[in-house]
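Each chain is listed here by its residues.
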Amino acid sequence: MPKPPLALDDLRRHAIARTFFTPTTLPRAITKLGFVQADPIRAPARAQDLTLRQRVADYRAGDLERRYPKLAIEEDFFVNYGFLPRELHHLMHPREARTAWTKARWKQAHAVLEFVRERGVVHPKDVDAQFAHGKTVNWFGGSSNASTQLLDGMHYRGLLRVARREGGIRLYAAREATPPPADLRAAHDALVDVIVAKYAPLPLATLGQLLSHLCVGVPQWRGERAAALARAKARLAHERVDGIDWYRPAGERLLRRESAERVRLLAPFDPLVWDRRRFEHFWGWAYRFEAYTPAAKRQLGYYALPLLWRDAVIGWANATSGKDGRLDLRCGYVAGRAPREAAFRRELEAEVERLREFLLPR
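Draft legend 1. Region of the structure containing the overall build of the protein chain. A tally of regular secondary structure across the protein chain gives 13 helices and 14 strands. Taken against the 2.2 N^0.38 rule, which gives 21 Å for 362 residues, the C-alpha radius of gyration of the protein chain at 22 Å falls within 12% of a compact globule. Based on the C-alpha atoms only, the size of the protein chain along its principal axes is roughly 65 × 55 × 40 Å. The burial tally for the protein chain puts 53% of its 362 residues in the buried class. Here the analysis covers contacts within the protein chain between residues at least 6 apart in sequence; of these, 63% occur between residues at least 24 apart. As presented, the protein chain carries roughly 17,800 Å² of accessible surface, and 52% of it is formed by carbon and sulfur atoms. Of the side chains in the protein chain, 61 bear a positive and 42 a negative charge, and the two mean positions are spaced by 1 Å.

In structure tokens:
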């Protein structure tokens, strides 16, 4: 008897089942995700921690930053800024920067690199104190230390790596140069497959968008984007559902099981909700990240966490944590009210308790 054709419900359940794997160790979770997007806002915790708490056993806020120096991972730009396994990081380097530096800028960079090599690990304030590069206008129109921008540029070009963080500030060490991948096409395809494995099933439009983002992580491959997309479309599994072509890893078995009876409060950049295009296809409403939206224009809140119940994102929550350990949660619902089931109330309370424990210091 032939299998019934796929429906949007099948894709939605598959997306949930594949991304919420059994909680595991931090290194294994990062490997399974392939990449963890980072964000500096902490409300009530940073996005990378909120993402990992759903996938790492006994995870606490800040564990990634605490353990980073001993993990085989790198902090860098991929399709977004974040953390990825070192073997994948090597595939992006040596990176060809998007803008050329002047001879004077390179002279500054080489002087700073020598300083970093002598010290081992440096704080940006140490570089600024040594070289007094002054102030400059940053991307947001404000003022930043010129040394910070120089260090950012050196990091992007692969001269430096992030050794660790102190109070959220990146400390740098010299990065040992690595040879380019032996097979550039295979390396490009491997990075595309990491993207697909994280965000599948993907609409074709989002796959193309992510390959454009990858051109920032590996700008030397900009001219290869169209060919890489064509190869991806040829090798990946795909289905046409509701008039849209959806892509997923080749050979991946579709998981059609029912979603767990559970509430999850998700990071704004969690793999399940990152793609706003897919989000609207799956759940029929528009989720927006409004931290950078003027307060008067916000509809969901400063740092609204999508609220997943069973296999539907039915609303959002804004969470604030007090010094006394109390967690204040304010929820909103697409339907205008919370589900009336006792099971929902019980599971929401359980998720709030998990979130509270996650926020407690080690």
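Having seen it, we continue.
Draft legend 2. Quick peek at helix H2 (residues 26-33). Those residues of H2 that sit buried are Leu26, Ala29, Ile30 and Leu33. Axial view of H2: buried residues confined to an arc of 100°, hence all on one face. Projecting away from the buried face of H2 at angles above 90 degrees are the exposed residues Arg28, Thr31 and Lys32. Turning to H2, the residues buried within the fold contact strand S1 (36-37), helix H3 (47-53), helix H4 (63-67), strand S2 (73-77), strand S3 (81-85) and helix H9 (184-199).

Draft legend 3. Representation of the sheet that holds strand S10 (residues 244-248) within the structure. On the basis of which strands lie adjacent, the open sheet formed by 3 strands has the order S8-S10-S9 and antiparallel pairing. The open sheet has two free edges, formed respectively by strand S8 (202-203) and strand S9 (237-241), since each of these has just one partner strand. Examined bridge by bridge, S8 and S10 share 2 bridges and lie antiparallel to one another. The residue of S10 that forms the bridge with Leu202 is Tyr247. Relative to the sheet, helix H12 (residues 276-283) contacts S8 and S10, its axis offset from that of S10 by approximately 115°.

Draft legend 4. Molecular detail of the packing of aromatic side chains. Within the structure shown, the criterion is met by 18 aromatic pairs. Each ring, one from Tyr199 and one from Trp274, has its centre 4.9 Å from the other, and the planes form 35°; the classification is tilted. In this pair, Tyr199 is assigned in helix H9 and Trp274 in the loop between strand S11 (263-265) and H12, connecting sequence segments 75 residues apart. The two residues Tyr199 and Trp274 agree in class, both being buried. Arranged with centres 5.4 Å apart and planes meeting at 85°, the rings of Phe282 and Trp283 form a pair that is edge-to-face. Taking the ring centre of Tyr156 as reference, the NZ or CZ of Arg95 above it sits at 4.3 Å.

Draft legend 5. Main features of the environment of Ala146. Tracing the backbone shows Ala146 in helix H8 (residues 146-156). Exposure remark for Ala146: the relative accessible area of 10% places this residue in the buried category. For Ala146 and His123, which are 23 residues apart along the polypeptide, the C-alpha to C-alpha distance reads 14 Å.

Draft legend 6. Representation of the sheet that holds S2. Spatial strand order, S1-S3-S2: 3 strands in an open sheet with antiparallel pairing. Since the sheet does not close on itself, it has two edges, and those belong to S1 and S2, each with one partner. Here 5 bridges tie S2 to S3, and the two strands are oriented antiparallel to one another. Its bridge partner lying in S3, Phe77 is registered against Tyr81.

Draft legend 7. How the structure looks around the pattern of salt bridges. Per the stated rule, a full pass over the model turns up 28 salt bridges. The closest approach of N and O atoms between Arg231 and Asp189, which form a salt bridge, is 3.0 Å. Placement of the pair is Arg231 in helix H11 (residues 225-235) and Asp189 in helix H9, with a sequence separation of 42 residues. The residues Arg231 and Asp189 share a single accessibility class, namely buried.

Draft legend 8. Layout of the side chain of His14. If you trace the backbone, His14 turns up in helix H1 (residues 8-19). A distance of 3.0 Å separates a polar atom in the side chain of His14 from the backbone nitrogen of Leu255. With residues near it in sequence (within four places) discarded, His14 still touches Pro201, Arg248, Glu252, Arg253, Leu254 and Leu255.

Draft legend 9. Fine view of the packing of helix H6 (residues 103-119) against H8. One way to put it is that H6 packs onto H8 with a least axis distance of 11 Å and a crossing angle of 85°. What the angle tells us is that H6 and H8 run roughly perpendicular. Residues Arg105, Gln108, Ala109, Val112 and Leu113 of H6 lie in contact with H8, whose contacting residues are Ala146, Gln149, Leu150, Leu151 and Met154. Residues belonging to the contact of H6 with H8 are distributed by class as follows: 7 nonpolar, 2 polar and 1 charged.

Cut-off values and rules
- Residues numbered from 1 in each chain as written.
- Predicted model: local features only at pLDDT ≥ 70, side-chain atom pairs only at ≥ 80, totals over all residues.
- Heavy atoms only, no water.
- Helix = DSSP H or I, 4+ residues; strand = E, 2+ residues; numbered from the N terminus.
- Rg over C-alpha atoms; globule rule 2.2 N^0.38 Å.
- Buried < 20%, exposed > 50% of the residue type's maximum accessible area, 1.4 Å probe, protein only.
- Contact = heavy atoms within 4.5 Å.
- Areas by Shrake-Rupley, 256 points an atom, 1.4 Å probe, with all protein chains shown as cover.
- Lys, Arg positive; Asp, Glu negative; His and termini not counted.
- Charge placed at Lys NZ, Arg CZ, Asp CG, Glu CD.
- Arc of directions from axis to C-beta.
- Pairing = 2+ DSSP bridges.
- Axes fitted to C-alpha atoms, helices over the stretch in contact; angles between N-to-C directions.
- Phe/Tyr/Trp six-rings, centres within 6.5 Å; stacked < 30°, edge-to-face > 60°.
- Lys NZ or Arg CZ within 6 Å of the ring centre and 35° of its normal.
- Salt bridge = Lys/Arg side-chain N within 4 Å of Asp/Glu carboxyl O.
- Polar contact = N/O pair within 3.5 Å; in protein donor to acceptor, adjacent residues only side chain to side chain.
- Parallel < 35°, antiparallel > 145°, perpendicular 65-115°, else oblique.
- Nonpolar A, V, L, I, M, F, W, Y, C, P; charged D, E, K, R; others polar.

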